[in-house]
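Okay, here's what each chain looks like letter by letter:
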Amino acid sequence: MPAIRYELMKEDERTGARAGIIHTPHGSFPTPIFMPVGTQGSVKGVSPDELKELGAGIILSNTYHLFLRPGLEMLQEVGGLHKFMHWDQAILTDSGGFQVYSLGELRKISEEGVIFRSHIDGAKKFLSPEISMEMQMAIGSDIVMAFDECVPYPADYEYTKRSTDRTTRWAKRCKDALTTGETQGLFGIVQGGMFKDLRKKSVDELAQLDFPGYAIGGLSVGEPKELMNEILHSTVEYMPKDKPRYLMGVGTPDYLVDGVMSGIDMFDCVFPTRVARNGMAMTWTGRLVMKNQVYMHDHQPIEENCGCYACRNGYTRAYIRHLVRAGEIFGLRLLSLHNLFFLQDFMQKMRETIMEDRFTEFRNHFYAIQEKKD
């Protein structure tokens, strides 16, 4: 039996939205799903037990960061990331391709791989499809991502084509290098920039390799939202329907709604915990900047009828504002727990409406709230 299996439960009658279940060696989880990001083996400020309570059946960690520290030998020594961080549910690991791309002038790409300077100490490092697979095998993640070259925005056609073709060649090398197919599932990453024909070419070539799932990379990298949605929707149309679809690096409610409507199953982003550390709360009616004076005497919870730890235990906006302004870690933890709960609840509501053929109404209601707020 393959390590990763996708089970389609329902497809919305009027859109491409779909609800399903992904089965992994460390348990199953429903889709569409938002995956909290634990870049270095920890979701910032949140314990594994708290993540379980939130309903996060899978988290994401990053090969690039774990490659730099604690490194390959330590992960092999401890028997993988599940044991190291005391997490017994699913883990997905990014290959490191996007992080290397984001280093800009600190990296040099060749056919063999990427030479880059560590952002920690400036030491010269080398990452290739084979090394990425070796690291992800040591990590022991349930879902492994192929090493890819992320296409920047904007990029011309010829550059994008060369880069996309290299990503396909690297995907083949990743598949050859991964020797743990019974316990780990390797996802290919679709590139192609903002060119629909290159996106189709990328999907077609990756589909021939028969990966158990496919991610869409190279979106949400600075392009206008309308262009992103256009490329996303056209790309999904080419993708296999019997495999999970993962949109990388997206985590704001509007992008999640549009992604689900296009038929995406999996999402991840550092956004909810990052903005929490900056004192921001996510709610159904928009974002609250908790440092603002308007909340100084506001003794309501962050959001009425919210089931997160902060709201159900009566921590008020005024108290959280005080903690944030005082630099108290507990305030940032409360916001992190709230934001992660909010997104899990948001995705659950979308799953429910898909199952009941009400997703269009959900989307229309969501955008009506956003327009009213604006």
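Further up the page is the structure itself.
So, a few notes on the structure that sits alongside this text. (Residues numbered from 1 in each chain as written. Predicted model: local features only at pLDDT ≥ 70, side-chain atom pairs only at ≥ 80, totals over all residues. Heavy atoms only, no water.)

### What to know about the sheet that holds strand E1 (residues 5–11)
Stage number 1. Strands sit in the order E1-E2-E3 across an open sheet of three strands; the sheet is antiparallel. Across the chains shown, the open sheet's two edge strands, defined by having one partner strand only, are E1 and strand E3 (27–31). Adjacent strand axes in the sheet meet at a mean angle of 15°, parallel and antiparallel pairs treated alike.
Stage number 2. Taken together, the six bridges between E1 and strand E2 (residues 18–24) define a ladder with antiparallel strand orientation. Its bridge partner being in E2, Tyr 6 is matched across the sheet by Ile 22. (Pairing = 2+ DSSP bridges. Helix = DSSP H or I, 4+ residues; strand = E, 2+ residues; numbered from the N terminus. Axes fitted to C-alpha atoms, helices over the stretch in contact; angles between N-to-C directions.)

### Observations regarding the pattern of salt bridges
Stage number 1. Scanning all chains against the criterion turns up 23 salt bridges.
Stage number 2. Between Lys 201 and Asp 165 there is a salt bridge, with the nearest N and O atoms lying 2.6 Å from each other. Here Lys 201, found in helix H8 (residues 196–207), pairs with Asp 165, found in helix H7 (residues 157–177); they are 36 residues apart in sequence, far enough to count as distant.
Stage number 3. We classify Lys 201 as partly exposed; its relative accessible area is 26%.
Stage number 4. Ionic pairing is found between Asp 258 and Arg 363, a salt bridge with its closest N-O pair at 3.5 Å. One end of the pair, Asp 258, is in helix H10 (residues 253–262); the other, Arg 363, is in helix H15 (residues 359–373), with 105 residues separating them in the sequence.
Stage number 5. For Arg 363, a relative accessible area of 23% puts it in the partly exposed group.
Stage number 6. Through salt bridges with shared partners, a single network forms among Glu 111, Glu 149, Arg 166 and Arg 169. (Salt bridge = Lys/Arg side-chain N within 4 Å of Asp/Glu carboxyl O. Buried < 20%, exposed > 50% of the residue type's maximum accessible area, 1.4 Å probe, protein only.)

### Regarding the packing of aromatic side chains
Stage number 1. One pass over the structure, following the stated rule, counts 15 aromatic pairs.
Stage number 2. Between Trp 284 and Phe 346, the ring centres sit 5.1 Å apart and the planes meet at 45°, which makes this aromatic pair tilted. One end of the pair, Trp 284, is in the loop between strand E15 (280–283) and strand E16 (286–289); the other, Phe 346, is in helix H14 (residues 329–355), and 62 residues separate them in sequence.
Stage number 3. Accessibility expressed as a relative area gives 23% for Trp 284, which makes it partly exposed.
Stage number 4. Judged by its relative accessible area of 0%, Phe 346 falls in the buried class.
Stage number 5. Aromatic side chains Tyr 315 and Tyr 319 sit 5.9 Å apart centroid to centroid with 25° between the ring planes, which places their arrangement in the stacked category.
Stage number 6. Classification of Tyr 319 as partly exposed rests on a relative accessible area of 35%.
Stage number 7. Here a set of aromatic residues connected by ring pairs shows up, and it is made of Trp 284, Phe 342, Phe 346, Phe 359, Phe 362, Phe 366 and Tyr 367.
Stage number 8. Seen from the ring of Phe 211, Lys 175 lies directly overhead, with NZ or CZ sitting 6.0 Å from the centre. (Phe/Tyr/Trp six-rings, centres within 6.5 Å; stacked < 30°, edge-to-face > 60°. Lys NZ or Arg CZ within 6 Å of the ring centre and 35° of its normal.)

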